[in-house]
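Structural overview
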Amino acid sequence: MPLVTNEIRSLKSRLIGDPLPSEKLEGQLLPKHLALPIFASDPLSSVAYAPQELLMILLLGGMSFLTFAPGVAALVVLLLLVVVASYRQLIKAYPSGGGDYEVAHRNLGEKAGLVVASALLVDYVMTVAVSVASGVDNIISALPVLNEFRVELALVFVVLLAAANLRGVRESSKAFAVPTYLFVASVFVMVVTGLVRVLAGNAPVAESAAYTVQNVEHTTQAAFILLLLRAFASGCSALTGVEAIANGVQAFRRPKVKNAQMTLVFMGGIAIVLFVGLITLALVSRVHYAESACDLRGFANCATTPQRSLIAQIAAATFGNDTVLFFVIQATTAAVLLLAANTAFNGFPLLGSILARDSYAPKALSTRGDRLIYSNGVIVLALVAAALLVLYRANVTSLIQLYIIGVFVSFTLGQTGMVRHWTRLLRQDRDGTATEPVNRGQVVRSRLINATGATFTFVVLVIVTITKFTHGAWLVFVIMPVLFVLMLGVNRYYRDVKHEIEADVETEFGATGDHAIVLVNRLQKPVLKALDYAIAAEHAGLEAVHVAIDDAEAELLRQQWAEHGIEVPLTIVPSPYRDISMPLISYIKAHRAEHGSEVVTVYTPVFIVGHWWEGLLHNHRGRRIRKKLLLVHGVTVALVPWLLDSSELLYGRRSRPFPGQERRGEPVRPPLRRARVGAARAGVSRHEDDEADRLLRSAQRNSLQPTVRPGAQTRRATRPAGPAEGVDPATCTGEMQVLVPASPGRTPTSVE
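The present account deals with the structure reproduced in this document. For every chain, the first residue of the written sequence is number 1, and numbering continues from 1 along that sequence. In view of the model being predicted, local features appear only for residues whose pLDDT reaches at least 70, and side-chain atom pairs are presented and counted only at 80 or more, with totals across whole chains, interfaces and linings using the full set of residues. As a convention, hydrogens and water are excluded, and side-chain values are obtained from all of the structure's heavy atoms.

As for the overall build of the protein chain
Labels follow the DSSP assignment, with helices taken as runs of H or I lasting at least four residues and strands as runs of E lasting at least two, numbered in each case from the N terminus. Along the protein chain, the regular secondary structure elements total 24 helices and 7 strands. Split into buried and exposed, the 752 residues of the protein chain put 50% on the buried side. It only takes one pair of heavy atoms within 4.5 Å for two residues to be counted as in contact. Sequence separation of 24 or more characterises 79% of the internal contacts of the protein chain that already satisfy a separation of 6 or more. The classification of residues rests on relative accessible area computed with a 1.4 Å probe and restricted to protein chains. Under 20% of the type maximum is buried, over 50% is exposed, and intermediate values are partly exposed.

Below is the structure:
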């Protein structure tokens, strides 16, 4: 696989910024005023669609059902207060950032922890999908002409969000702070303005106030209760993202616990004010938002014209349609809904790193990227969310059915785990086994808060499951067990591998020999360089091996080998079935059977290229051979790089220092140039001159030794070049000019 070129690396730097050293990690931690927008954008933005979904479900039962909206909204607010209070206790008890996963894993066992992890992973993906789809929906409410590009817009925003997060936590929080605070301020101003107009006797009137509802659901007593429960479940989407702060405590500046708790309280207070304000204005202005626009009697062109969102209708009724303040509300709402996905882009990689640390996810998720964030987690989240947006056509109503199931699964198990945590502390204090002093009154109060939270969230989980299961939520209950089994399987695999490779006193490695084989196809410079490397390594034995597919080519190679006077023995292995790997393996096995437990090192040249398409043209056969050789006992494979001309793209201009050159104090190699003096070089064309330059640069690139400075002593090998007898050690320098003496009538050449 070709290496990434310098052009690609520079493009990456332009997109996500220059790499940061590890000591800058503390500087990437967040103060409270930046942590609020990055962690709370999800619950704050959910007030833009939670009231809409609540009223939409109630409207299914008819206009009269809207009178239940205040009571349902009050229950949602109560639940939000309980959850915020519960998570304050969780942050205090488990500040490491594991959140519900860590709490459930430590207190309820491995299986409960994996259930929470799978629920949170699903929730984070759905947060991105729903937030982006809702943001696009609000953009279309202001600019209906964009309706046919709904999916494309959603995908563009996912890419932009991923790129912003790949720049690092602190930079993404700065980018998201302004839109989040503008949204809070503009909605607060709208709520205050609307309430002032109500008190002044000039209440705002929504554009849908005159519409009535058709296709009303039949409301038996059971259907009546179910409809109210569905409305409550949809309103509970306002709680999504509350857990993000508990999962990201380690991203806060010190004191981490205090700052995280204060941010959580600020977030809960702002969310409640905005949620209550929007519900109030929606009822006062008589907003009617239906599941389908054609369910509203009086809505013209319902098949082609999208409904305006609830917040757009309130803004138009309060400030006037198409006014500056109307567009400010729509722009900030769309922005914060899109940025709400940032909560997931922060929480998903953090949770992934914790799961990787505990060996429940691939270790790649625990690796910090150039900008000190878990970039692999960001990329995985973006890809999965984009796939969901394409599958569901970025439709908010369809996507939201999959939402909040995972939220309340993690809420319930996390709070239950906290109850067990506090109970264990009380028991340890009673038995005198507590490691730290325990304030029993405070612990009892915390246990009561978490028990209340566990009860409330369990009831809501049951309600949400019953009301949303047949509307698409069943898919969540399929995905979560799959994730559970995958994470458990990854953990068991890592456990088995660790046990397998763990050092012990019984295992002994008793290699008694050292033999090298240089794999030869044709007599070319890469092969000569591989021979040079093998000689420099000073193996006890050395030979070149050619697997003969074509007898004529094998005979030509034998002649060239003798013509160049190469002292390393050449072995021709026949292959009547035109396969290289198996005859070579059979030869190696026979050699080891004859010489005992001897380590065999196989040297194979590999081309280093600078263009991606060159990777399609080189190294395929060598890669297949290496894969099979690695399965042979006692064999190790050494790759000898040959840098083609295009590999200069890997290092930029030719005058740029090679890796390690500055560190070793070596001078920068200037570009190789030849003076062109016209008539002085009679008979030498410009093309021939350029070709000579190219060959000289190729020789310099692929030198085993660095450029020798004046006065420096050339390294020499201390033993003969392999098993051949009669080679003078003093002449074996490890340079190709010794291995490849000039043939009669040829000018001696040296590949340095």
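Describing the packing of helix α7 (residues 150-166) against helix α14 (residues 375-391)
Working note: a packed helix pair is described by the angle between its axes plus the distance between those axes. Simply put, an axis is a line fit to the C-alpha atoms, just over the touching stretch for a helix, and the angle between two N-to-C directions goes from 0 to 180 degrees. Where α7 meets α14, the closest approach of the two axes is 10 Å, and the angle between their N-to-C directions is 175°. In terms of orientation, α7 and α14 fall into the roughly antiparallel class. Judged by residue contacts, V151, A154, L155, V158, A162, N165 and L166 of α7 engage S375, V378, A382, A386, L389 and V390 from α14. All residues other than Ala, Val, Leu, Ile, Met, Phe, Trp, Tyr, Cys, Pro, Asp, Glu, Lys and Arg, Gly among them, are scored as polar; the first ten of these are nonpolar and the last four charged. The residue inventory of the contact of α7 with α14, partitioned by class, reads 11 nonpolar, 2 polar and no charged. When an angle is under 35 degrees it counts as roughly parallel; over 145 it counts as roughly antiparallel; between 65 and 115 it counts as roughly perpendicular; any other value is oblique.

Side note on the pairing of strand β5 (residues 570-574)
In this structure, strand β4 (residues 541-548) lies alongside β5, joined through 5 bridges in parallel fashion. Of the residues in β5, the one forming a bridge with V545 is T571. Chirality of the crossover, the property in question, places the unit of β4, helix α20 (residues 551-563) and β5 among those that are right-handed. Two strands are said to pair when DSSP picks up at least two bridges between them. We call a crossover right-handed when, viewed with both strands directed away from the observer, the connection leading from the first strand over the helix to the second proceeds clockwise.

Remarks on helix α16 (residues 405-431)
A helix is expected to span 1.5 Å for every residue after the first. Given a rise of 1.5 Å per residue, 27 residues ought to cover 39 Å, and the 39 Å separating the end C-alpha atoms of α16 matches this to within 8%. Where α16 ends, the next residue or the one after it, G432, has phi of about 75°, a positive value.

Structural notes on the side chain of T127
Checked against the element boundaries, T127 lands in helix α6 (residues 110-142). Taking the relative accessible area as the measure of exposure, T127 reaches 1% and is therefore buried. Apart from residues lying up to four places away in sequence, T127 is in contact with D42, A340, A344 and Y403.

Overview of unusual backbone geometry
Omega for the bond connecting R254 with P255 falls within 30 degrees of zero, at -5°, which places this linkage in the cis form. Here P255 lies in the loop between α10 (244-247) and α11 (256-284). The residue R393 is not glycine, and still its phi comes out positive at about 55°. Mapped onto the secondary structure, R393 falls in the loop between α14 and α15 (396-399). The class for R393 is exposed, based on a relative accessible area of 52%. The backbone of R578 sits at a positive phi, close to 65°, despite the residue not being glycine. One can find R578 in the loop between β5 and α21 (581-595).

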